[in-house]
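Residue-level listing of the chains:
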Amino acid sequence: MACCVGDGKKPTRGEIRRRALVEAAWSLVKENGIEAITLDEIIARAGGSRATIYSAFGDKDGLIKAAVGENCSAFAEQMMEMLDDSEDPATTLTRLAANLIGHIWTPEATRIFGSFLTEGDRFPQVIDAFLQNGPDRLHRRLARYLAEMRDRGQAPIEDPEAAAKLFLDTLHGDWLIGSLGGRPPRDPDSSGTRQWIRYVVARTLNLPADAVPLTAPG
C-alpha cells in the first residue's frame, strides 16, 4: 500500500527512496550501533546508491543523524499525545510514566542507548539529534503542559520547567542505572512499579501520594 505525505499527496519517488534509506539506517542502528554501519549495508537494504545518499544527506553520518532524529521525534510525539488537558494531571502523568517505562525498558532501547553512550563522542551530531528530538522535545512539551495546569489551579507547582525535568530525569535515570547494572526490566504493571510511579508523580505535582492514582485508564 502506498504511503502519503502530510498534505495527502502521493509521495514522489525521491521521497520514497529517502524514507527507505532512513528506515534502513535506523534498523541498522538498532541492530549494530552507529560505528559498525556501512553504506554498503544501508544500500543493500534500501536500494539506491552512494550518490543518492550523498545528494540527500551529505554523507553516512548525515543519514544516520536523520534516522535517529526522525525516529526520536516520532517517539516523543507518541508520548506527548498522552498529555490530555481535559483530565486530572495526576492521572495524565501516571499514564505517561507507565507508557514511557514500558517503551524504554526493552532490550532494543537499552541496546540503542548503550551504543550512544559508548560511541557518542565520535558521533556528536547524532547524539545531538537524539537529545534535541527526543528527551529535550518531550521536556519542553511537558513543561508547557504543567504550566497550563498550574495556571488553571490544577497543579500546585512553582516551577513547571523544574517539575518536568524532575519527572523525566527520574524515569530516565532509573532506566539508565538499571540498564548499566544489568537489572531486570521494570514491569509498568507490577505493584512495585505502580507505587514508585505514584511517588514520582506526587513529587512532580507537589501532591500527597494518596492524591495520585495507582493506575490510569488507557
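Residues numbered from 1 in each chain as written. Predicted model: local features only at pLDDT ≥ 70, side-chain atom pairs only at ≥ 80, totals over all residues. Heavy atoms only, no water.

Draft legend 1. Broad picture of the packing of aromatic side chains. Under the definition given, this model contains 3 aromatic pairs. Note on Phe116 and Phe130: the rings are 5.0 Å apart at their centroids and 55° apart in plane angle, and the pair reads as tilted. Of the two residues, Phe116 sits in helix H6 (residues 107-119) while Phe130 sits in helix H7 (residues 124-133), which places them 14 residues apart along the sequence. Grouped by ring-pair contacts, the aromatic residues Phe113, Phe116, Phe130 and Trp175 constitute a single cluster. (Phe/Tyr/Trp six-rings, centres within 6.5 Å; stacked < 30°, edge-to-face > 60°. Helix = DSSP H or I, 4+ residues; strand = E, 2+ residues; numbered from the N terminus.)

Draft legend 2. Layout of the layout of surface pockets. The volume enclosed by the largest pocket comes to roughly 770 Å³. Lining of the largest pocket is provided by 31 residues; of these, Cys72, Phe75, Ile104, Phe130 and Trp175 occupy positions nearest its centre. Broken down by element, the lining of the largest pocket gets its largest block of residues, 7 residues, from helix H9 (residues 160-180). Its residues placed into classes, the lining of the largest pocket shows 18 nonpolar, 8 polar and 5 charged. Roughly 160 Å³ of volume is contained in the second largest pocket. Forming the boundary of the second largest pocket are 14 residues, of which Thr94, Ala98, Pro188, Asp189 and Ala216 lie nearest the centre. Sorting the residues of the lining of the second largest pocket by element identifies helix H5 (89-104) and helix H10 (191-205) as the ones contributing at least two each. Looking at which element gives the most residues to the lining of the second largest pocket, the answer is H5, with 6 residues. (1 Å grid on protein atoms, 1.4 Å probe; cavity = no way out; pocket = protein on both sides within 12 Å on 5 of 7 lines; lining within 4 Å. Points joined across faces, edges and corners; volume = space filled by probe spheres on them. Nonpolar A, V, L, I, M, F, W, Y, C, P; charged D, E, K, R; others polar.)

Draft legend 3. Examining the environment of Val201 more closely. With respect to the secondary-structure elements, Val201 resides in helix H10. When its relative accessible area of 0% is taken as the criterion, Val201 is described as buried. Taking the C-alpha atoms as reference points, Val201 and Val212, 11 residues apart in sequence, are found 7.1 Å from one another. Here Val201 is in contact with Ala90, Leu93, Thr94, Phe167 and Val212, once residues within four sequence places are set aside. (Buried < 20%, exposed > 50% of the residue type's maximum accessible area, 1.4 Å probe, protein only. Contact = heavy atoms within 4.5 Å.)

Draft legend 4. Summary view of the side chain of Lys60. Note that Lys60 resides in helix H4 (residues 60-80). Within the buried set, Lys60 has no salt-bridge partner at all; the shortest N-O distance to an opposite charge, 4.8 Å, is to Asp61. A distance of 2.8 Å separates a polar atom in the side chain of Lys60 from the backbone oxygen of Ile37. The contacts of Lys60, once residues within four sequence positions are left out, are Glu35, Ile37, Thr38, Leu39 and Ile42. (Lys, Arg positive; Asp, Glu negative; His and termini not counted. Salt bridge = Lys/Arg side-chain N within 4 Å of Asp/Glu carboxyl O. Polar contact = N/O pair within 3.5 Å; in protein donor to acceptor, adjacent residues only side chain to side chain.)

Draft legend 5. Main features of the packing of H9 against H10. Direction vectors running N to C along H9 and H10 enclose 155°, while the axes themselves pass 8 Å from each other. Of the possible angle classes, the one that applies to H9 and H10 is roughly antiparallel. Read as a crossing pair, H9 and H10 show a hand that is right-handed. Counting all contacts with H9, which are made through Ala163, Leu166, Phe167, Thr170, Leu171 and Asp174, the residues of H10 involved are Trp196, Val200, Val201, Arg203 and Thr204. (Axes fitted to C-alpha atoms, helices over the stretch in contact; angles between N-to-C directions. Parallel < 35°, antiparallel > 145°, perpendicular 65-115°, else oblique. Left-handed = near helix turned anticlockwise from the far one by under 90°.)

Draft legend 6. Region of the structure containing the environment of Thr118. Residue placement: Thr118 occurs in helix H6. In sequence terms Thr118 and Leu100 are 18 residues apart; their C-alpha atoms lie 23 Å from each other. Within polar-contact distance, the side chain of Thr118 engages the backbone oxygen of Ser115 at 3.3 Å.

Draft legend 7. Structural detail: H6. Between its first and last C-alpha, H6 extends 18 Å over 13 residues, near the 18 Å set by a 1.5 Å rise per residue. Taken together, the buried positions of H6 are Ala109, Ile112, Phe113, Ser115, Phe116 and Glu119. Down the axis of H6, the buried set is contained in an arc of 150°. They therefore lie on one face. In H6, the exposed positions angled more than 90 degrees off the buried face are occupied by Pro107 and Thr118. Looking at the buried positions of H6, the neighbouring elements they touch are helix H1 (13-32), H4, H5, H7 and H9. (Expected span 1.5 Å × (residues − 1). Arc of directions from axis to C-beta.)

Draft legend 8. Geometry of the packing of H1 against helix H3 (residues 50-57). It is the contact of H1 with H3, at a shortest axis distance of 11 Å, that shows an interaxial angle of 95°. Relative to H3, H1 is oriented roughly perpendicular. Contacts between H1 and H3 involve Arg17, Arg18, Leu21 and Val22 on the former and, on the latter, Thr52, Ile53 and Phe57. Counted by class, the contact of H1 with H3 contains 4 nonpolar, 1 polar and 2 charged residues.

Function cannot be read off these values alone, since they describe shape.
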